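Below, each chain spelled out in residue letters.
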Amino acid sequence: MGIVLRVLLVEDSTDDARLLVRQLTSAGYDVQHERVDSPGAMRDALNRASWDLVISDYSLPGFSGTDALNLLQQQGIDVPLIFVSGTVGEDVAVAAMKAGASDYILKDNLKRLIPAMERELRDAEMRRERRRAHETVSERELAVGIERRRAEQELRQSEERFSRVFRASPAGIAITTAGEGRFVDVNDAFCALTGYARGEVVGRTTAELGFVQDLGEQADLLEQLRKVGTLQNVDLEVRTKRGDRRFVLASFERIELGGRPCLLSVMHDISERKRLEDQLRQAQKMEAIGRLAGGVAHDFNNLLSVIIGYCDLLFRTLPADAPQRGEIAEIRDAADAASGLTRQLLAFSRRQVVERRVLDLNAVVTRAERLLRRLVGDDIELVVRLAPALAPIQADAGQLDQVLVNLVVNARDAMPAGGTIVIETAPAVLDAAYAQAHPGARAGEYVSVSVSDDGVGMDADTQAHIFEPFFTTKAVGRGTGLGLATVYGIVKQSEAFIWVESARAQGTTFRVYFPPAAAGAVPAPLPRAVPASLAGSETVLVVEDSPQLRELMQEVLQVRGYRVLDAENGDAALEVARRHEGPIHLLLTDVIMPGMNGRQLADRLSAVRPDMQVLFASGYTADVLAQYGVEGGMHYLQKPFTPDALARTVREILSGPRD
Ligand SMILES: Nc1ncnc2c1ncn2[C@@H]1O[C@H](COP(=O)(O)OP(=O)(O)OP(=O)(O)O)[C@@H](O)[C@H]1O
Ligand SMILES: [Mg+2]
């Protein structure tokens with residue numbers, strides 16, 4: 001079987017058609033043919049099947065070779081068409097070729113048909129091949145195009161996904177240029193962390209925003225990054241828009257963005273965690289200092305007892321005119337002062353002996369109010385606000401006085417130019433969130449007392465140390481730094497909780513939260529501040545070199561109605577007495593003082609004020625005092641004394657028979 005050749009014959013003569021087919025068959029082709037002789041039939045044949053070759057007569061009745069050619073072209077069918085005709089001149093042949101015929105063969109020269117046809121078939125095949133190649137190329141191009149579009153779409157989706165991740169990440173993320181640190185983009189968490197809106201940051205540099213606190217540190221970081229390209233978990237302090245400090249744990253990565261070297265920074269806000277850690281450390285430190293201070297104070301107190309004991313012994317054994325007496329008195333006074341310090345340290349370390357009773361906090365504040373008013377002086381207003389119907393608490397009344405006095409004195413000192421101190425009592429409920437944020441606090445109901453001032457305030461660094469013993473910002477001699485340490489110890493011992501809120505130039509509030517006493521507990525009545533029977537209106541001159549004690553004596557007497565003059569030593573007392581025009585009913589004086597002693601002072605004053613009574617107060621034993629001329633028969637008050645004992649003794653002397 002030869003090659004199948006499908007031939008469409010446009011020919012009105014069946015004989016001619018047969019001749020042609022025979023010609024082809026003889027060349028070895030397996031010819032499948034159809035003969036048409038009208039445009040309709042040809043169109044039909046073209047639509048029905050595909051053809052390898054069209055052989056057309058040049059002129060047919062009602063049809064022509066050129067019509068056939070046109071039909072092929074109209075239908076866009078690329079099949080070679082060869083004219084086979086008997087009667088044409090050259091001009092017709094040329095016109096036919098021009099019109100697009102593949103070849104022109106005369107019927108009497110049919111031997112040309114086979115080579116011409118084979119050439120045309122080859123050409124047609126080549127054209128088809130080329131077309132196919134073209135088609136596959138453009139198909140591939142199409143496929144590539146689709147692929148690219150899909151990739152682009154995926155990229156877009158992925159970008160969208162990443163942009164969503166970037167925006168929604170709980171970690172603050174910033175992209176900055178590597179060189180000058182100019183913000184390229186930041187996410188929402190970064191904005192939340194720093195307080196800036198995205199638009200306020202993008203385009204500006206970290207330096208312009210003052211974003212990093214420590215510029216030296218920033219330079220170091222950048223240098224390291226240049227070397228290693230990445231840094232993990234760096235502790236960094238940054239400044240927010242409002243100027244607050246925030247602590248972040250940051251990681252950095254050098255990345256290339258649009259051909260530019262950039263820095264990707266990822267930050268976690270650890271301020272809260274750091275704050276809690278700091279507070280825990282602080283609490284542990286206080287605990288440790290407390291143990292240390294308590295231990296030292298306890299042993300030290302014992303040593304002081306020995307020092308004081310031997311001083312007294314020396315006084316007893318030394319002759320009355322021994323020159324060392326003054327020096328020993330100094331030692332004894334210093335030892336007394338030291339005992340005062342150790343007492344405060346013991347309070348801080350919670351080793352004070354306390355008498356916890358059910359108390360009404362309002363009553364405690366009210367009782368202390370007069371003393372506090374005197375402490376603050378005239379240029380400071382003291383406002384007391386008591387919440388009605390407060391639950392009772394359990395504490396030592398004397399210790400509460402100490403707390404109030406220390407807080408109020410500190411508030412006073414924080415307002416050198418005057419101001420207002422508010423003492424306020426209130427019920428309070430601390431919730432779990434508060435307790436978590438305030439180490440040492442437990443959630444629950446409390447009764448609170450606060451002391452607020454509008455003074456100089458404290459920065460965070462100062463606040464971190466205020467409860468430590470001997471921490472003071474006051475000038476040497478102005479503060480020992482034991483006030484708040486004492487308060488702290490008392491608060492702890494009362495199972496209470498203290499918190500301070502303060503900022504530079506914003507004033508300070510200390511608030512102490514006491515747990516309420518057991519349900520149904522009834523507050524014990526406080527000892528009345530002013531027993532009527534111990535009141536008086538006479539004038540008393542108090543001479544005492546310890547300012548605290550002098551203040552206390554003054555207070556005790558003033559509260560009971562006495563008029564009090566005071567002086568820190570004998571010479572000052574003489575001066576005060578000289579200037580005072582009214583009577584002085586009683587001289588209440590220390591015995592052993594620098595300079596003139598109590599007995600000498602009494603003698604000199606009595607000489608000009610013979611009606612004046614004298615009361616000696618001292619911590620020394622009678623036999624030591626005897627050497628200073630203070631002996632039996634004279635009025636004498638043993639130090640330390642309670643306010644009550646002082647008031648009673650003064651009243652007894654002034655009411656008693658003159659001696
Ligand atoms: N209300 C306040 N306002 C501002 N600063 C305060 C206030 N209370 C305390 N401080 C600061 O705390 C420090 C410690 O106070 P603390 O009472 O322990 O000692 P002090 O007052 O310095 O000395 P002391 O109370 O022993 O005489 C003070 O020196 C001061 O810097
Ligand atoms: Mg103080």
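Rules used throughout
Residues numbered from 1 in each chain as written. Chains lettered and ligands numbered in written order. Predicted model: local features only at pLDDT ≥ 70, side-chain atom pairs only at ≥ 80, totals over all residues. Helix = DSSP H or I, 4+ residues; strand = E, 2+ residues; numbered from the N terminus. Contact = placed C-beta atoms within 7 Å. Buried ≥ 20, exposed ≤ 12 C-beta atoms within 10 Å, placed from the backbone. Arc of directions from axis to C-beta. Near = placed C-beta within 6 Å. pLDDT = per-residue confidence, 0-100. Axes fitted to C-alpha atoms, helices over the stretch in contact; angles between N-to-C directions. Left-handed = near helix turned anticlockwise from the far one by under 90°. Nonpolar A, V, L, I, M, F, W, Y, C, P; charged D, E, K, R; others polar. Pairing = 2+ DSSP bridges. Domains from an automatic or database assignment. Core = buried A, V, L, I, M, F, W, Y, C linked by C-beta atoms within 7 Å. Expected span 1.5 Å × (residues − 1). Right-handed = clockwise from strand over helix to strand, strands pointing away.

**Considerations on the overall build of the protein chain**
Point 1. Counting secondary structure elements, the protein chain contains 21 helices and 24 strands.
Point 2. Over its C-alpha atoms, taken along the principal directions, the protein chain stretches across nearly 180 × 55 × 45 Å.
Point 3. Across the protein chain, contacts joining residues at least 24 apart in sequence account for 66% of those joining residues at least 6 apart.

**Considering helix α3 (residues 65–74)**
Point 1. Where α3 is concerned, the buried positions are Gly65, Ala68, Leu69 and Leu72. The arc that holds the buried residues of α3, viewed along the axis, is 100°, so those residues lie on one side.
Point 2. Following α3 by one or two positions, Gly76 adopts a phi angle in the positive range, close to 70°.

**Here's the deal with the site of ligand 1**
Point 1. Around ligand 1, 23 residues are found, and the nearest of them are Ala414, Thr472, Gly479, Gly483 and Leu484.
Point 2. At the level of secondary structure, the elements contributing two or more residues to the shell around ligand 1 comprise α13 (397–413) and α16 (483–493).

**Looking at the confidence of the model for the protein chain**
Point 1. Overall, the prediction assigns the protein chain a mean pLDDT of 86, with 97% of residues at 70 or greater.
Point 2. Counting interchain partners and residues more than four positions distant, the pLDDT-below-50 stretch residues 528–532 has five contacts.

**Thoughts on the packing of α13 against α16**
Point 1. Orientation of α13 relative to α16, taken along the N-to-C sense of each, is 145°, at an axis distance of 9 Å. Relative to α16, the crossing made by α13 is left-handed. Residue-level contacts link Gln399, Gln402, Val403, Asn406, Leu407, Val409 and Asn410 of α13 to Gly483, Leu484, Thr486, Val487 and Ile490 of α16.
Point 2. Tallied by class, residues from the contact of α13 with α16 come to six nonpolar, six polar and no charged.

**Description of the sheet that holds strand β10 (residues 230–239)**
Point 1. A sheet is described by the order of its strands in space; here five strands give the open sequence β9-β8-β12-β11-β10, paired in antiparallel fashion. The open sheet has two edge strands with one neighbour each: β9 (183–186) and β10. Across the sheet, the mean angle separating the axes of adjacent strands is 30° when strand polarity is ignored.
Point 2. Relative to strand β12 (residues 260–269), strand β11 (residues 245–257) runs antiparallel, the two sharing 10 bridges. Across the sheet, residue Leu249 finds its bridge partner in β12, namely His268.
Point 3. Seen against the sheet, helix α9 (residues 215–228) touches β10, β11 and β12 and runs at an angle of roughly 165° to β10.

**Section: the environment of Gly210**
Point 1. Mapped onto the elements of the fold, Gly210 is located in the loop between α8 (206–209) and α9.
Point 2. Residues Gly210 and Ala283 lie 73 residues apart in sequence; the distance between their C-alpha atoms is 33 Å.

**Some points on the domain arrangement of the protein chain**
Where interface size is quoted, it is often the accessible area lost as the parts come together.
Point 1. Domain boundaries in the protein chain define domain 1 (4–130), domain 2 (169–269), domain 3 (277–348), domain 4 (357–514) and domain 5 (532–655).
Point 2. For domain 2 versus domain 5, the distance between C-alpha centres works out to 71 Å.

**What to know about the nonpolar core**
Point 1. Counting residues in each nonpolar core, the largest one holds 49 residues, and the members touching the most others are Leu361, Tyr488, Val512 and Phe514.
Point 2. Looking at this core element by element, the count peaks at seven residues for α13.
Point 3. Two domains each donate at least three residues to this core, and these are domain 3 (277–348) and domain 4 (357–514).
Point 4. When sequence neighbours within four positions are dropped, the list of residues in contact with Leu361 reads Leu390, Ile393, Thr425, Val447, Val449 and Phe514.

**Let's talk about unusual backbone geometry**
Point 1. Backbone geometry places Glu495, a non-glycine residue, at a positive phi of 55°.
Point 2. Phi at Ala505 takes a positive value of approximately 65°, unusual for a residue other than glycine.
Point 3. Counting through the fold element by element, Ala505 comes out in the loop between β18 (497–502) and β19 (508–514).

**Observations regarding the sheet that holds strand β17 (residues 444–453)**
Point 1. Strands sit in the order β14-β16-β17-β19-β18 across an open sheet of five strands; the sheet is mixed. Both outer strands of the open sheet, β14 (380–385) and β18, are each paired with one neighbouring strand and no more. Averaged over all neighbouring strand pairs, the angle between strand axes comes to 20°, with direction disregarded.
Point 2. Pairing geometry for β14 and strand β16 (residues 419–430), over six bridges, is parallel. What sits directly across from Glu381, in β16, is Thr420.
Point 3. Most of the contacts of helix α12 (residues 361–376) go to β14, to which it runs at about 175°, and overall it touches β14, β16, β17 and β19.
Point 4. Contacts from α13 reach β14, β16, β17 and β19 within the one sheet, and its direction differs from that of β17 by about 35°.

**So, helix α1 (residues 14–26)**
Point 1. For α1, which comprises 13 residues, the first-to-last C-alpha distance of 18 Å matches the rise-based estimate of 18 Å (1.5 Å per residue) to within 8%.
Point 2. Residues Ala17, Leu20 and Leu24 constitute the buried set of α1. Axial view of α1: buried residues confined to an arc of 65°, hence all on one face. Opposite the buried face of α1, at more than 90 degrees from it, the exposed residues are Asp15, Arg22 and Ser26.
Point 3. Against β1 (4–10), β2 (30–36), β3 (53–56) and β6 (81–85) lie the buried residues of α1.
Point 4. Positive phi appears at Gly28, one or two residues downstream of α1, with a value of about 100°.

**Some details on the pairing of strand β22 (residues 586–590)**
Point 1. Burial within β22 is extensive, with five of its five residues counted as buried.
Point 2. Pairing analysis gives four bridges linking strand β20 (residues 539–543) to β22, with the strands arranged parallel. The residue bridging Val540 from the neighbouring strand is Leu586, located in β22.
Point 3. Sheet analysis places β22 next to strand β23 (residues 613–618), joined by five bridges and oriented parallel. Its bridge partner lying in β23, Thr589 is registered against Phe616.
Point 4. A crossover links β22 with its parallel partner β23, the connecting element being helix α19 (residues 598–608), and its sense is right-handed.

**A few points about the pairing of β10**
Point 1. Across eight bridges, β10 lies against β11 in antiparallel orientation. Across the sheet, residue Thr230 finds its bridge partner in β11, namely Glu253.
Point 2. The hairpin turn running from β10 into β11, its antiparallel successor, is five residues long, and Gly243 in that turn takes a positive phi close to 95°.

**Thoughts on the environment of Glu90**
Point 1. Relative to the helices and strands, Glu90 resides in helix α4 (residues 90–99).
Point 2. Glu90 sits 255 residues away from Leu345 along the chain, and the two C-alpha atoms are 137 Å apart.

**As for the packing of α12 against α13**
Point 1. Close contact between α12 and α13 brings their axes to 10 Å; oriented N to C, the two are set at 35°. For the pair α12 and α13, the crossing hand works out as right-handed. Contact with α12, carried on its side by Val364, Val365, Ala368, Leu372, Leu375 and Val376, involves Ala397, Leu400, Asp401, Leu404, Val405, Val408, Val409 and Arg412 of α13 and no other residues of that element.
Point 2. Broken down by class, the residue content of the contact of α12 with α13 amounts to 12 nonpolar, no polar and two charged.

**Overview of the environment of Glu256**
Point 1. Tracing the backbone through its elements, the reader meets Glu256 in strand β11.
Point 2. Each C-alpha atom, one on Glu256 and one on Ala395, is 67 Å from the other, the two residues being 139 residues apart in sequence.

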